[in-house]
Amino acid sequence: MPSLNEVRSTFLNYFEKQGHEVVSSSPLVPRNDPTLMFVNSGMVQFKNLFTGVEHRDYKRATTAQKCVRAGGKHNDLDNVGYTARHHTFFEMLGNFSFGDYFKNEAIPFAWNLVTKEFGIDKSKLLTTVYHTDDEAFEIWKKVGVPEDRIIRIATSDNFWQMGPTGPCGPCTEIFYDHGDHIWGGPPGSPEEDGDRFIEIWNVVFMQNEQFEDGSMRALDMQSIDTGMGLERIGALLQGSHDNYDTDLFKYLIEASANATNVDPYGDKNVHHRVIADHLRSTSFLIADGVMPSNDGRGYVLRRIMRRAMRHAHLLGAKDPVMHRLVSALVTQMGAAYPELRQAQPMIEETLKLEETRFKQTLDRGLKLLDDEIDGLPEGAALPGAAAFKLYDTFGFPLDLTQDALREKGLSVDIDGFDSAMNDQKAKARAAWAGSGEAADATIWFDIAENKGVTDFLGYDTEVAEGQV
Ligand code: ATP
Ligand code: MG
Ligand code: MG
Ligand code: MG
């Protein structure tokens, strides 16, 4: 059984042999791209090559790209702990053609790698194409996929976009059927969102560019952008449908079990999974220069960290845990990503500090949340005022509270939360107006309002921390 590190190498070597330049992963924070919070796919670092704005001395490239999907168009934060196939941080393996080869080569490249090089059983695979894409349909037939296993899909699932703007195009996806003992329906069916049919590879035919005003233009050249989740193909090659069953995740889950003294595979397994996942995203984000803060990228990091800490709490951890797991991650991934090893001391310190500080309010906040839940009438949502108090006084990001409630099938009254937030803003605004600093305050609140309460939490959270 190949390890994830071996699968990564096999992929890159395969495309290198086909004339692709092996290019390093770009950092998780996109350079010069304010439209995107974090790099969420392999194509991001090549965006300007697809649009023709930039040229390099290669026309084919292959990468293993660090990706974070915890906000924006692609957000999998709420999937972690609930599906077998989603992470907040994952590696996307890709091959790219910049005006070089197109559909005729890209499909056989993918099919040969999956079925020959990786030796995956063809009879378990199916593919999807964009409903009008007869060309892709015919190419799949030609490589040997039976017609009834090529599904035409009309939804956005088969039209790939990085975000609201940028290069995009119709795509084709390869799925693996893990068998009917696992819940889920074939692509395009209402039950699709289970883990039976798992999408392993997405091949995008880059031929359009989307603009902010909603218009789209045809690109001058036709290009290829593909993405395959390393953890998903790795799971498959290790005989599982579950990414968390791979060698790398097992190692991290064991580390979490050792640090907390809780059975890795018993009924608390889900908490270990979330911790393992969040350990990766937080560590890689810190290694790429993101620090926990109260707005923007730093707040996404803080939210992920605090969510992980709640799960450690549920494992009964009395002392900070996350920082003790970093060395396990470095053991697994430090060779492929030297920046991780380099940043290890900083990652450990940052995690420890954040965990020590949040610990002071986490226990009390969770106690308050439990009391609130106990007092809830059957089927009622948690009142917005309670969620706001948790946020404002105890430093609970809204999504942490939602995560805690979801386990119990409960939700938050979001309108109530927003209105509690607005009330507090109005009060603060009134207080500032009387302080002679009105001009500054107006600018400050304009920023807060333009960015929206869920994005911009700086002012309020600072107040909250001052109180605890
Ligand atoms: P899904 O439908 O399963 O959520 P997707 O269509 O959103 O996947 P793409 O945007 O097509 O995914 O990304 C390309 C590939 O990256 C996917 O085929 C999958 O193998 C992998 N991938 C996507 N999201 C994740 C994730 N959150 N965790 C791990 N791997 C992922
Ligand atoms: Mg997705
Ligand atoms: Mg999909
Ligand atoms: Mg896809």
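Residues numbered from 1 in each chain as written. Chains lettered and ligands numbered in written order. Predicted model: local features only at pLDDT ≥ 70, side-chain atom pairs only at ≥ 80, totals over all residues. Heavy atoms only, no water.

Formally: UniProt positions are given in the numbering used here, feature names are shortened, and annotations may be inferred rather than shown by experiment.
Named according to an unreviewed UniProt entry, the chain is Alanine--tRNA ligase originating from Thalassovita gelatinovora. Its UniProt record, at the heading Subcellular location (unreviewed entry), says of the chain: "Cytoplasm". Database annotation for the chain, UniProt heading Function (unreviewed entry): "Catalyzes the attachment of alanine to tRNA(Ala) in a two-step reaction: alanine is first activated by ATP to form Ala-AMP and then transferred to the acceptor end of tRNA(Ala). Also edits incorrectly charged Ser-tRNA(Ala) and Gly-tRNA(Ala) via its editing domain."

### Considering the overall build of the chain
Quick reminder of the rule: In this text, helices come from DSSP runs of H or I with a minimum length of four residues, and strands from runs of E with a minimum of two, each type numbered from the N-terminal end. Only C-alpha atoms enter the radius of gyration; for comparison, a globular chain is expected to reach 2.2 Å times N to the power 0.38, where N is the number of residues. Between buried and exposed lies partly exposed: a residue is buried under 20% and exposed over 50% of the maximum accessible area for its type, with that area taken using a 1.4 Å probe on protein chains only. Throughout, a contact is declared for two residues whenever any of their heavy atoms are within 4.5 Å. Accessibility throughout is a Shrake-Rupley quantity obtained with a 1.4 Å probe, and a residue counts as covered only by protein chains that appear here.
Along the backbone of the chain there are 15 helices and nine strands. Here the chain has a C-alpha radius of gyration of 23 Å; the compact-globule value for 468 residues is 23 Å, and the two agree. Expressed along its principal axes, the backbone C-alpha trace of the chain runs to roughly 70 × 55 × 50 Å. Within the chain, the fraction of its 468 residues that count as buried is 57%. Across the chain, contacts joining residues at least 24 apart in sequence account for 71% of those joining residues at least 6 apart. Counting only carbon and sulfur atoms, one obtains 48% of the accessible surface of the chain, whose full area is about 19,700 Å².

### Observations concerning the side chain of Asp399
The criterion, for reference: Residues adjacent in sequence count toward polar contacts only when both atoms are side-chain atoms; beyond that, a polar contact is any pair of N or O atoms within 3.5 Å, and within protein one must be able to donate a hydrogen and the other to accept it.
In this fold, Asp399 is placed in helix H12 (residues 398-406). At 2.6 Å, the side chain of Asp399 forms a polar contact with the side chain of Arg307. With near-sequence residues (within four places) excluded, Asp399 lies in contact with Leu77, Arg303 and Arg307.

### Comments concerning the nonpolar core
Note the following rule: The criterion is simple. A nonpolar core is a set of buried Ala, Val, Leu, Ile, Met, Phe, Trp, Tyr and Cys residues joined through side-chain atoms within 4.5 Å.
Judged by nonpolar contacts, the single largest core of 108 residues is most densely connected at Ile120, Trp201, Ile233 and Leu340. Residue contributions to this core peak at 10 residues, all from helix H10 (residues 338-374). Not counting residues within four places of it along the chain, the set of residues in contact with Ile233 comprises Val7, Leu93, Phe118, Ile120, Ile200 and Met228.

### Examining the coordination of the magnesium ion (ligand 4)
Rules: A 2.8 Å cut-off from the metal defines N, O and S donors, relaxed to 3.2 Å for Na, K and Ca; water is not in the atom list, so some sites may appear incomplete.
Bound to the magnesium ion (ligand 4) on the protein side are Glu173 (OE), Glu199 (OE) and Asn202 (ND2), at distances that span 2.0 to 2.3 Å. Of note, the magnesium ion (ligand 4) draws all its donor residues from one chain, in the sequence arrangement E-x25-E-x2-N.

### Points about the site of ligand 1
Spelled out, the test is: When we say a residue is near a molecule or strand, we mean one of its heavy atoms is within 4 Å of it.
Near ligand 1 there are 18 residues, and of these Asp76, His86, Glu199, Asn202 and Gly229 occur at the shortest range. Between ligand 1 and the protein, one listed contact pairs an oxygen atom with a side-chain N or O atom of Asn202 at 2.4 Å. Isolated, ligand 1 exposes 590 Å² of accessible area, and the fraction of that covered by the protein chains is 90%. Elements that contribute at least two residues to the shell around ligand 1 include exactly strand S3 (89-97), strand S8 (197-210) and strand S9 (216-229). The element that contributes the greatest number of residues to the shell around ligand 1 is S8, accounting for four residues.

### Quick look at the environment of Arg56
Position of Arg56 relative to the elements: it lies in the loop between helix H2 (47-50) and strand S2 (60-68). Overall, the relative accessible area of 30% leaves Arg56 in the partly exposed class. Spatially, the C-alpha atom of Arg56 lies 42 Å from that of Gly185, the residues being 129 residues apart in sequence. One polar contact links the side chain of Arg56 to the main-chain carbonyl oxygen of Gln45, over a distance of 3.5 Å. Side chain to side chain, Arg56 and Glu54 meet in a polar contact 2.9 Å long.

### A few points about the packing of helix H9 (residues 326-333) against H10
Note the cut-off: In this analysis, axes come from line fits to C-alpha atoms, helices being fitted only over the stretch in contact, and the angle between any two N-to-C directions falls in the range 0 to 180 degrees. Should an angle lie under 35 degrees it is considered roughly parallel, over 145 roughly antiparallel, and from 65 to 115 roughly perpendicular; all remaining angles are considered oblique. Left-handed describes a crossing whose near helix is turned anticlockwise from the far helix by less than a right angle; the clockwise case is right-handed. Side-chain classes are defined by residue name, with Ala, Val, Leu, Ile, Met, Phe, Trp, Tyr, Cys and Pro counting as nonpolar, Asp, Glu, Lys and Arg as charged, and the others, Gly among them, as polar.
Two elements in contact, H9 and H10, have axes whose closest approach is 10 Å; the angle formed by their N-to-C orientations is 160°. Taken as axis vectors, H9 and H10 run roughly antiparallel relative to one another. Between H9 and H10 lies a crossing of right-handed hand. Residues Val326, Ser327, Leu329, Val330 and Met333 of H9 form the contact with H10, whose participating residues are Leu340, Arg341, Gln344, Ile347, Glu348 and Leu351. Within the contact of H9 with H10, the residues separate by chemical class into seven nonpolar, two polar and two charged.

### Observations regarding the pairing of S3
Selection criterion: Any two strands between which DSSP finds at least two bridges are classified as paired.
Burial runs high along S3: nine of the nine residues are buried. Residues Phe89, Glu91, Leu93, Asn95 and Ser97 of S3 are buried on one face, and the alternating residues Phe90, Met92, Gly94 and Phe96, pointing to the opposite face, are buried as well. In the sheet, S2 pairs with S3 via nine bridges, with the strands oriented antiparallel. Its bridge partner lying in S3, Thr63 is registered against Gly94. Bridging between S3 and S9 involves four bridges; their strand directions are antiparallel. When the bridges of S9 are listed, Leu93 appears paired with Met228.

### Quick notes on the pattern of salt bridges
The condition is simple: In the sections that follow, a salt bridge refers to a side-chain nitrogen of Lys or Arg positioned within 4 Å of a carboxyl oxygen of Asp or Glu.
Tallied over the entire structure, the rule returns 27 salt bridges. When the shortest N-O distance is used, the salt bridge between Arg217 and Asp220 registers 4.0 Å. A relative accessible area of 75% places Asp220 in the exposed class. One salt-bridge network, held together by shared partners, links Asp78, Arg303, Arg307, Arg310, Asp399, Asp403 and Glu407.

### Remarks on the packing of helix H3 (residues 103-117) against helix H4 (residues 134-143)
Each pair of packed helices can be described by the angle between their axes along with the distance between the axes. Viewed as axis vectors pointing N to C, H3 and H4 meet at an angle of 40°, and their least axial separation amounts to 10 Å. Of the possible angle classes, the one that applies to H3 and H4 is oblique. Two packed elements cross with a definite hand, and for H3 against H4 that hand is right-handed. Along the contact surface, H3 presents Lys103, Asn104, Ile107, Pro108 and Trp111, while H4 presents Glu135, Ala136, Ile139, Trp140 and Val143. Residue composition of the contact of H3 with H4, by class: seven nonpolar, one polar and two charged.

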